[in-house]
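# Per-entry structural report
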Amino acid sequence: PSGGGVSSGPWAAEELLRMVAARWEEAKGLSHAETLRAVSDWALLLRRLGRYEEAEVQHRRVLAAREAMLHPAHRDVLASQNNLALVLKAKGEFEQAEVLLRRTIEAKEQSFGEHHQSTLLSLSNLAVLLRCVGRHDEAAGLLQRVASAVEASPGAARFGASAALSNLAVSRKLAGCADEAESLLRRAMASSAVAFGEASEANVAVRSNQAALRRAAGRSRAAEVLYRQVLQDCERSVGSEHPSTAAALNAVGAALADAGQAAEARPLLERALALRERVFGTKHPSTLFSCANAAYVAALLGDYKAAVELLDRATAGSAMTGAHNASHSAASVVHAALE
């Protein structure tokens, strides 16, 4: 990536980690502990950069090698299972990801205990996945368990307290508990800022959840301001072609549409859709969600031909609640105009 003041750090680091992994594998073979560590580190960065197919390949290699050498409950095997599950979730392969995460959690609970930081991290990952597929009650129960355990443990600010509280806030908002959600978010922001700094990835995630609550409460302008901050942070830290940037573009566009600024929202939503098509392909849930949002704005602007085409794409392959909701909104606008 170049231009726009975007740091080249992550991409330079990817080249270095790829080179280190290749040299370890050439010298010692894949089964060597240092090789596996190097390949795993490389795969983790690939996921952060949104290169999910490549990340999956490397995580599967590491997991297979570790499973062949180590006990099924060894911490390195469990770490590899968790890492692979996160890549599968990012790719929209939710069923496979859930199976892996549940297997990992069961083993961690037996080996490390229910309140171990590693166990809680995997529980939080599972809760976020469940929320993605609309299983909000299950997600909320897990997040409450994680948040309670994390805040009660030493070093809570250093380990995931902000993420646990932030994710729980979203779940409580979905359950209609707005005041509790706001309180949880304030605690999450304070924890994240103290532990990682205002511009950290952790704080960006909390801010994104805060914006989502503002939007759900009908405060579109406040949500837009926060989402624009998230977008700036994403473009600065991971560049303009990253999935996180696409999510931020989509969020800003959706907030603008809520505020009646469809003309300003449309180019942002179309950028998000194009980026997600490049990164994920046309059938990924995130791409379909962007199709539905773009259809809604096109319909608001009277471009019914484009709206119908986008609707057809959004509804053809989506089982995601969010995409269906957005598609329904777009269809309502189109039908009302054509009656």
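Note that the structure is a prediction, hence the values are computed from the model and not measured. (Residues numbered from 1 in each chain as written. Predicted model: local features only at pLDDT ≥ 70, side-chain atom pairs only at ≥ 80, totals over all residues. Heavy atoms only, no water.)

## Observations concerning the nonpolar core
Heads up, the condition is: Among buried residues, those of type Ala, Val, Leu, Ile, Met, Phe, Trp, Tyr and Cys that are joined through side-chain atoms within 4.5 Å constitute a nonpolar core. Classification of residues uses two cut-offs on accessible area relative to the type maximum, computed with a 1.4 Å probe and protein chains only: under 20% is buried, over 50% is exposed, and between them is partly exposed. Per the convention used, a helix needs a DSSP run of H or I reaching at least four residues, while a strand needs a run of E reaching at least two, with both numbered from the N terminus.
Core analysis: the largest hydrophobic core is formed by 34 residues, its most contacted members being Leu-120, Leu-123, Leu-126, Leu-142, Val-146, Ala-169 and Leu-213. For this core, the elements supplying multiple residues, two or more each, are α4 (75–90), α5 (94–111), α6 (117–132), α7 (136–152), α8 (161–174), α9 (178–196) and α10 (201–216). By residue number, the principal contributor to this core is α7, which donates seven residues. Membership of the second largest hydrophobic core comes to 22 residues, among which are Ala-211, Tyr-227, Ala-248 and Val-252.

## A look at the packing of helix α12 (residues 243–258) against helix α13 (residues 262–280)
Spelled out, the test is: Only the stretch in contact is used when fitting a helix axis, every axis being a line fitted to C-alpha atoms; angles between N-to-C directions are given from 0 to 180 degrees. What sets the label is the angle itself: under 35 degrees gives roughly parallel, over 145 gives roughly antiparallel, 65 to 115 gives roughly perpendicular, and the rest give oblique. The handedness criterion is simple: a crossing whose near helix is rotated anticlockwise from the far helix by less than a right angle is left-handed, and one whose near helix is rotated clockwise is right-handed. The contact rule is simple, with two residues in contact once any of their heavy atoms fall within 4.5 Å. Asp, Glu, Lys and Arg are counted as charged, while Ala, Val, Leu, Ile, Met, Phe, Trp, Tyr, Cys and Pro are counted as nonpolar; the rest, among them Gly, fall into the polar class.
Their axes nearest at 8 Å, the elements α12 and α13 cross at an angle of 155°. The pairing of α12 with α13 is recorded here as roughly antiparallel in orientation. Here the hand of the crossing between α12 and α13 comes out left-handed. Seen from α12, the contacting residues are Pro-243, Thr-245, Ala-246, Ala-247, Leu-249, Asn-250, Val-252, Gly-253, Ala-254, Leu-256 and Ala-257; seen from α13, they are Ala-262, Glu-264, Ala-265, Leu-268, Leu-269, Arg-271, Ala-272, Leu-275, Arg-276, Val-279 and Phe-280. Looking at the contact of α12 with α13 residue by residue, the class counts come to 16 nonpolar, three polar and three charged.

## So, the confidence of the model for the chain
Where we set the bar: For every residue, the pLDDT score states the predictor's confidence, bounded by 0 at the bottom and 100 at the top.
Looking at the chain as a whole, its pLDDT mean stands at 81, while 81% of the residues score no less than 70. Within the chain, the lowest mean pLDDT, 50, falls on helix α16 (residues 321–338), and the highest, 96, falls on helix α3 (residues 52–69). Low pLDDT, under 50, characterises residues 1–8; the predicted model gives this stretch six contacts beyond four residues in sequence or across chains. Within the model, the stretch residues 194–199 combines pLDDT values under 50 with 12 contacts to residues more than four positions away or in other chains.

## Topic: the pattern of salt bridges
Defined as follows: By definition, a salt bridge exists where a carboxyl oxygen of Asp or Glu is found within 4 Å of a side-chain nitrogen of Lys or Arg.
This structure, assessed with the given rule, holds 25 salt bridges. One salt bridge in this structure joins Lys-91 and Glu-56, with 2.4 Å as the shortest N-O distance. Taken together, the positions of Lys-91 in the loop between α4 and α5 and Glu-56 in helix α3 put the pair 35 residues apart, joining distant regions of the chain. One exposure class covers both Lys-91 and Glu-56, and it is buried. Taken together, the shared-partner salt bridges connect Glu-53, Glu-56, Arg-60, Lys-91 and Glu-93 into one network.

## Some points on the environment of Ala-222
Structurally, the position occupied by Ala-222 is in helix α11 (residues 220–237). Ala-222 sits in the partly exposed class, given a relative accessible area of 27%. Put simply, Ala-222 and Ala-211 are 11 residues apart on the chain and 7.3 Å apart in space, counted from C-alpha to C-alpha.

## With respect to α12
The cut-off we apply is this: A helix is expected to reach a length of 1.5 Å times the quantity of its residues less one.
The end-to-end C-alpha separation of α12 is 23 Å, in line with the 22 Å expected for 16 residues at 1.5 Å each. Counting buried positions along α12 gives 13 out of 16 residues, so the element sits mostly inside the fold. The positive-phi residue at the C-terminal boundary of α12 is Gly-260, with phi of around 85°.

## Observations regarding the side chain of Asp-233
Inspection of the secondary structure puts Asp-233 in helix α11. Given a relative accessible area of 12%, Asp-233 falls into the buried group. Ignoring sequence-local partners within four residues, the contact set of Asp-233 consists of Val-204 and Arg-207.

## Section: the side chain of Asn-293
Among the structural elements, Asn-293 can be located in helix α14 (residues 285–300). Overall, the relative accessible area of 9% leaves Asn-293 in the buried class.

## Focus on the packing of helix α2 (residues 33–48) against α3
It is the contact of α2 with α3, at a shortest axis distance of 8 Å, that shows an interaxial angle of 150°. When the axis of α2 is compared with that of α3, the two are roughly antiparallel. Considering how the two elements wind past one another, α2 and α3 form a crossing that is left-handed. On the side of α2, the interface is formed by Leu-36, Arg-37, Val-39, Ser-40, Trp-42, Ala-43, Leu-44, Leu-46 and Arg-47, while α3 contributes Tyr-52, Glu-54, Ala-55, Gln-58, His-59, Arg-61, Val-62, Ala-65, Arg-66 and Met-69.

## Side note on α4
Taking 1.5 Å of rise per residue, the 16 residues of α4 would be expected to cover 22 Å, and the 23 Å separating its terminal C-alpha atoms lies within 8% of that figure. Burial within α4 is extensive, with 12 of its 16 residues counted as buried. Buried residues of α4: Val-77, Leu-78, Ser-80, Gln-81, Asn-82, Asn-83, Leu-84, Ala-85, Leu-86, Val-87, Leu-88 and Ala-90, and no others. Buried residues belonging to α4 abut α2, α3, α5, α6 and α13. Among the residues trailing α4, Gly-92 stands out with phi positive, at a value near 85°.

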